[in-house]
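Now for the letters of each chain:
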Amino acid sequence: MGRILGVDYGDSRIGLALSDPNKIIASPFKTIKNKGFDKTKKEIFDIIRENKVELIVLGLPVSMSGTETNQTKKVRKFQSFIQDFDIPIEMQDERLSSFTAKKSLIQQKIKTGHNKHFIDSTAAAIFLQQYLDSKIRK
């Protein structure tokens, strides 16, 4: 059974989360530095291969009113760049995922100031879990 990879794309860091093989639970996996599309693409491809990923859920940053932002355009460009992985890519609204991730980490007594990478991978896990939950209910 393959896994699902959640990707929280950012200008400097990309948070990653993985589902369990049964596609029920999402967990933070790691955060990688965004080194430009080519280097980042290779790193993500290696993760996909090593973890038998069969679907990518890419976080879609939209404003609270639901309109697209500059970051939305960057994510859509990234999406088109990774489409040649020949793996389906689905978009998931990621509104408030970083805020929720930071709040959750603070409750766990994890300092977030110098540990922003924890926020990114946790945010990816949050919207990946939302995606998984929406598929279970159907």
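Residues numbered from 1 in each chain as written. Predicted model: local features only at pLDDT ≥ 70, side-chain atom pairs only at ≥ 80, totals over all residues. Heavy atoms only, no water.

Colleague: Looking at this structure, I do not really get the nonpolar core. What am I missing?
Modeller: For soluble globular proteins, the rule of thumb is that nonpolar side chains tend to be buried together. Leu5, Val7, Ile48 and Ile56 are the most contacted members of the largest nonpolar core, which has 19 residues in total. Once residues within four sequence positions are removed from consideration, isoleucine 48 is found in contact with Leu5, Val53, Ile56, Phe85 and Ile87. One finds Val57, Phe127, Tyr131 and Leu132 within the second-largest nonpolar core, a separate group that totals 11 residues. (Core = buried A, V, L, I, M, F, W, Y, C linked by side-chain atoms within 4.5 Å. Buried < 20%, exposed > 50% of the residue type's maximum accessible area, 1.4 Å probe, protein only. Contact = heavy atoms within 4.5 Å.)

Colleague: It is not clear to me how helix α2 (residues 70-82) should be interpreted in this structure. Could you clarify?
Modeller: Note: α-helices contain 3.6 residues per turn, so residues at a spacing of three or four share the same orientation. Across its 13 residues, α2 extends 19 Å between first and last C-alpha, which sits within 8% of the 18 Å expected from 1.5 Å per residue. Those residues of α2 that fall on the buried side of the exposure criterion are Thr72, Val75, Phe78, Gln79 and Ile82. Mapping the buried residues of α2 onto a view down its axis gives an arc of 120 degrees, with all of them on the same face. Exposed positions of α2 whose direction lies more than 90 degrees from the buried face are Asn70, Lys73, Lys77 and Ser80. On its buried face, α2 is in contact with β1 (3-9), α1 (37-50), β4 (53-60) and β5 (89-93). By the N-cap criterion, in which a side-chain oxygen at the helix start approaches the backbone nitrogen of a residue two or three places on, α2 is capped by threonine 69, the distance to glutamine 71 being 3.3 Å. (Helix = DSSP H or I, 4+ residues; strand = E, 2+ residues; numbered from the N terminus. Expected span 1.5 Å × (residues − 1). Arc of directions from axis to C-beta. Polar contact = N/O pair within 3.5 Å; in protein donor to acceptor, adjacent residues only side chain to side chain.)

Colleague: Before we go on, may I ask you to explain the sheet that holds β1 in this structure?
Modeller: The strands that make up a sheet are held in pairs by hydrogen bonds between backbone atoms, and each pair lies either parallel or antiparallel. One open sheet holds the 5 strands; their spatial order is β3-β2-β1-β4-β5, and the pairing between them is mixed. Edge positions in the sheet fall to β3 (26-33) and β5, since each of these pairs with one other strand and no more. Neighbouring strand axes in the sheet, compared pairwise and without regard to direction, differ in orientation by 25 degrees on average. Strand direction decides the pairing type here: β4 and β5, joined by 5 bridges, are parallel. Bridged to valine 57 within β5 is glutamate 90. Here α1 sits on the sheet in contact with β1, β2 (13-19), β3 and β4, set at roughly 150 degrees to β3. (Pairing = 2+ DSSP bridges. Axes fitted to C-alpha atoms, helices over the stretch in contact; angles between N-to-C directions.)

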